[in-house]
Amino acid sequence: MEKIGVALIGCGYWGSKLQRYIRDNKNFRLKYVCNSKFDLSKVWADQKIQAVIVATPIPTHYEIVKQSLIAGKHVLSEKPLALKTSECLELEKLAEDSKLKLHVEYTYTFSSSLKRAVQFLQEGKIGKLLSMEMSLKQLGRFGRENVYWLLGSHLLSALDMFVPLQDLKFHRKNIVVHKGQVETGLILFEGIITGQIFVSLNHPSKEAEIIMYGENGTIVYNPRDRP
C-alpha cells in the first residue's frame, strides 16, 4: 500500500511527540515539519500531501484547519478544533462537503481501557449507569489558555463516550482564577446521569481518575495506576 503523504504543522512540545509517532508508523511518509516561519502555501499546493496534522497554538487552529480543508487535505487537529462553536460547525460542514476526514485528537478517546469500560456498561456488568466523577490535575501555569480548554475538554471527550453531551446540562464553578485565567474549576452535569468534572493546574502532582457508579457496581479508571 502506498504511504500517505503527511505534513505536520507545529513542532513544539506536543508536535515533537507527534513527529516521532508519524515517522515510526509505516503507513505514513512525513514530508514537511512546519514551524511558524514556514510558508504553508507549499503544503497546500503539494499534491503528494494527502493529510495535515495541526499542532499549533490553540488560537491558530481554526484558520490552519480551514485552509487545509480548502486545499483538499484530510486533517487531524489538536484539541480544541476552534474557540467558537460556529467555527467548529463551519469546519465540520466544509469537511463533509469536500468529502474529507476531519478529526480532533483527544487522547482519552483512544484509550483501550475506557473502551473496555464502555463495553462493560453495554454488557450490564454494573447495571444502569447512575453517575460519574472525573478529575484531571497537574501542576503548571500555562498562562495562555484556561484549565477548561487544556484539561476539561479531555474529560468532556471521555464523558461523551458514555453519554452524549447533548443529553446533559452543564454548570461550571471557577475555583482558582489567576491573571484572568481559570486554573482550577469544577463542572457539574445532570440529565441522563449526574456527576462532576474537577480540573486543576494547581495540584502538586499529576492525577487522573474517572469513576463510573452503576446500580450494581463501580468501575474505576486510573491511567497512572499499574497496567
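Everything below is about the structure shown above.
Owing to the predicted nature of the structure, the values given are computational and were not obtained by experimental measurement. (Residues numbered from 1 in each chain as written. Predicted model: local features only at pLDDT ≥ 70, side-chain atom pairs only at ≥ 80, totals over all residues. Heavy atoms only, no water.)

Participant: Honestly, the layout of surface pockets in this entry has me stumped. Any pointers?
Facilitator: The rolling of a water-molecule-sized probe over the atoms marks out the regions of remaining empty space. The computed volume of the second largest pocket comes to approximately 600 Å³. Along its surface, the second largest pocket is lined by 17 residues, and Y106, S153, L156, S157 and L165 are the ones closest to its centre. Element by element, the count of residues in the lining of the second largest pocket is highest for helix α6 (residues 147-162), at 6 residues. In terms of residue class, the lining of the second largest pocket is built from 8 nonpolar, 7 polar and 2 charged. (1 Å grid on protein atoms, 1.4 Å probe; cavity = no way out; pocket = protein on both sides within 12 Å on 5 of 7 lines; lining within 4 Å. Points joined across faces, edges and corners; volume = space filled by probe spheres on them. Helix = DSSP H or I, 4+ residues; strand = E, 2+ residues; numbered from the N terminus. Nonpolar A, V, L, I, M, F, W, Y, C, P; charged D, E, K, R; others polar.)

Participant: Explain the sheet that holds strand β1 (residues 4-9) here, please?
Facilitator: Sheet strands pair via backbone hydrogen bonds, and the direction of the pair is either parallel or antiparallel. Here 5 strands make up an open sheet; going across it, the order is β2-β1-β3-β4-β5 and the pairing parallel. Across the chains shown, the open sheet's two edge strands, defined by having one partner strand only, are β2 (28-34) and β5 (102-105). The average undirected angle you get between the axes of adjacent strands in this sheet is 20 degrees. Of the strand pairs in this sheet, strand β4 (residues 74-78) and β5 are connected by 4 bridges, and their pairing is parallel. Bridging across to β5, E78 finds its partner in E105. Sheet strands in contact with helix α1 (residues 13-24) are β1, β2, β3 (51-54), β4 and β5, and its direction is about 155 degrees off that of β2. Sheet strands in contact with helix α3 (residues 61-70) are β1, β3, β4 and β5, and its direction is about 170 degrees off that of β4. (Pairing = 2+ DSSP bridges. Axes fitted to C-alpha atoms, helices over the stretch in contact; angles between N-to-C directions. Contact = heavy atoms within 4.5 Å.)

Participant: Hey, could you run me through unusual backbone geometry in this one?
Facilitator: Keep in mind that most residues, glycine aside, have a negative phi and that most peptide bonds are trans. The amide bond that connects K79 to the next residue, P80, takes the cis arrangement and shows omega of -15 degrees. Mapped onto the secondary structure, P80 falls in the loop between β4 and α4 (85-97). Located in the positive-phi region is K99, a residue other than glycine, with phi close to 55 degrees. Mapped onto the secondary structure, K99 falls in the loop between α4 and β5. A residue is classified by how much of its surface remains accessible, and K99, at 73% relative accessible area, is exposed. With a phi angle near 55 degrees, K179 is a residue other than glycine that sits in the positive phi range. With respect to the helices, strands and loops of the structure, K179 is situated in the loop between β7 (168-178) and β8 (181-191). (Buried < 20%, exposed > 50% of the residue type's maximum accessible area, 1.4 Å probe, protein only.)

Participant: Sorry, what's going on with the packing of helix α5 (residues 112-122) against α6 here?
Facilitator: Axes are the key here: two packed helices are described by the angle between their axes and the distance separating the axes. For the pair α5 and α6, interaxial distance at closest approach is 9 Å and the crossing angle is 30 degrees. As far as their axial angle goes, α6 and α5 are roughly parallel. For the pair α5 and α6, the crossing hand works out as right-handed. When α5 is examined against α6, the residues L114, K115, A117, V118 and L121 are found in contact with a partner set consisting of A158, M161 and F162. Residue classes in the contact of α5 with α6 are distributed as 7 nonpolar, no polar and 1 charged. (Parallel < 35°, antiparallel > 145°, perpendicular 65-115°, else oblique. Left-handed = near helix turned anticlockwise from the far one by under 90°.)

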